[in-house]
Amino acid sequence: MSSDVAPEPALDLLVVGAGPTGLAIGAEALRAGLATLVVDRGAITQALQGFPTDMVFFSTRERLAIAGIPFPIPEERPTRRQALAYYRGVAEALRIPLALHQEVVVIHREGGFAVLTRGRGGERQRATRAVAIATGYFDTPRRLGVPGRTGRRCATATGSRTPTTGSGSWWSAGAIRRPKRPSTSGGPGPR
């Protein structure tokens, strides 16, 4: 890590990616009382912004809802515009701490983790006990080279507690739970 960048106060969880999965992980972490920050190299739900304007999701509103907050639309399947408004509304309503337009440059294990980001305001170093990577698959994901990344969907890095997600929020609620032993099955480990 760069020694000229002063570290910020320690977090319990830093989430890389402010898409639906990253927001869901952030919301669950906040509910668990964890000091949390969601970091994204773009805007909130950046990848969804590139979808066709009048696109209708195949998934139903119940399957796309996060954080226990219902999707407030009468239609069964939301449009891109409705999804953008919904996810931004959830982040605002739950006051999920966001660091947008901050690209993660390095994640380094130092007891916990040291995460170096670079954005409009320069470089920032953040200390955190855990990192969840939720960079998605609709946009062009930036591979961070996390050791132990073996599964197509997600895995926990061998010997660490770093969940890597990105193909749905099917285990985001469990991602913040500490496994008793590292899991390589793609889930959060034993409960």
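Notes on the structure follow.

Conventions and cut-offs
- Residues numbered from 1 in each chain as written.
- Predicted model: local features only at pLDDT ≥ 70, side-chain atom pairs only at ≥ 80, totals over all residues.
- Heavy atoms only, no water.
- Helix = DSSP H or I, 4+ residues; strand = E, 2+ residues; numbered from the N terminus.
- Expected span 1.5 Å × (residues − 1).
- Buried < 20%, exposed > 50% of the residue type's maximum accessible area, 1.4 Å probe, protein only.
- Polar contact = N/O pair within 3.5 Å; in protein donor to acceptor, adjacent residues only side chain to side chain.
- Phe/Tyr/Trp six-rings, centres within 6.5 Å; stacked < 30°, edge-to-face > 60°.
- Arc of directions from axis to C-beta.
- Contact = heavy atoms within 4.5 Å.

**Brief notes about helix H1 (residues 20-31)**
The terminal C-alpha atoms of H1 lie 16 Å apart, and with 12 residues this matches the ideal 16 Å at 1.5 Å per residue to within 8%. Of the residues making up H1, those classed as buried are Thr21, Gly22, Leu23, Ala24, Ile25, Gly26, Ala27 and Ala29. At the C-terminal side of H1, Gly33 shows a positive phi close to 80 degrees.

**Overview of the side chain of Thr36**
On the secondary structure map, Thr36 appears in strand S2 (residues 36-40). From its side chain, Thr36 meets the backbone oxygen of Leu34 in a polar contact 3.0 Å long.

**So, unusual backbone geometry**
Outside of glycine, negative phi angles account for most residues, and trans bonds account for most peptide bonds. You will see that Ala67, though not glycine, has its phi angle at about 60 degrees, which is positive. Structurally, Ala67 can be placed in the loop between helix H3 (61-64) and helix H4 (80-93). Note on Ala67: relative accessible area 6%, which makes it buried. Unusually for a residue other than glycine, Arg95 sits at a positive phi of about 55 degrees. Here Arg95 shows up in the loop between H4 and strand S3 (98-100).

**Let's talk about the packing of aromatic side chains**
For the coordinates displayed, the defined rule picks out four aromatic pairs. Here Phe71 and Tyr86 contribute two aromatic rings whose centre-to-centre distance is 4.0 Å and whose plane-to-plane angle is 15 degrees, an arrangement assigned as stacked. Of this pair, Phe71 sits in the loop between H3 and H4 while Tyr86 is found in helix H4, placing the two residues 15 residues apart along the sequence. The exposure class assigned to Phe71 is buried, which follows from its relative accessible area of 5%. Looking at Tyr86, the relative accessible area reads 6%, which means it is buried.

**A short note on H4**
Between its first and last C-alpha atoms H4 spans 20 Å; for 14 residues at 1.5 Å apiece the expected length is 20 Å, and the two agree. Buried within H4 are the following residues: Arg80, Ala83, Leu84, Tyr86, Tyr87, Val90 and Ala91. One side of H4 carries all its buried residues, which in axial view fall inside an arc of 165 degrees. The exposed residues of H4 that point more than 90 degrees off its buried face are Arg81, Ala85, Glu92 and Ala93. Summarising the contacts, the buried residues of H4 are in contact with H1, helix H2 (46-49), H3 and S3.

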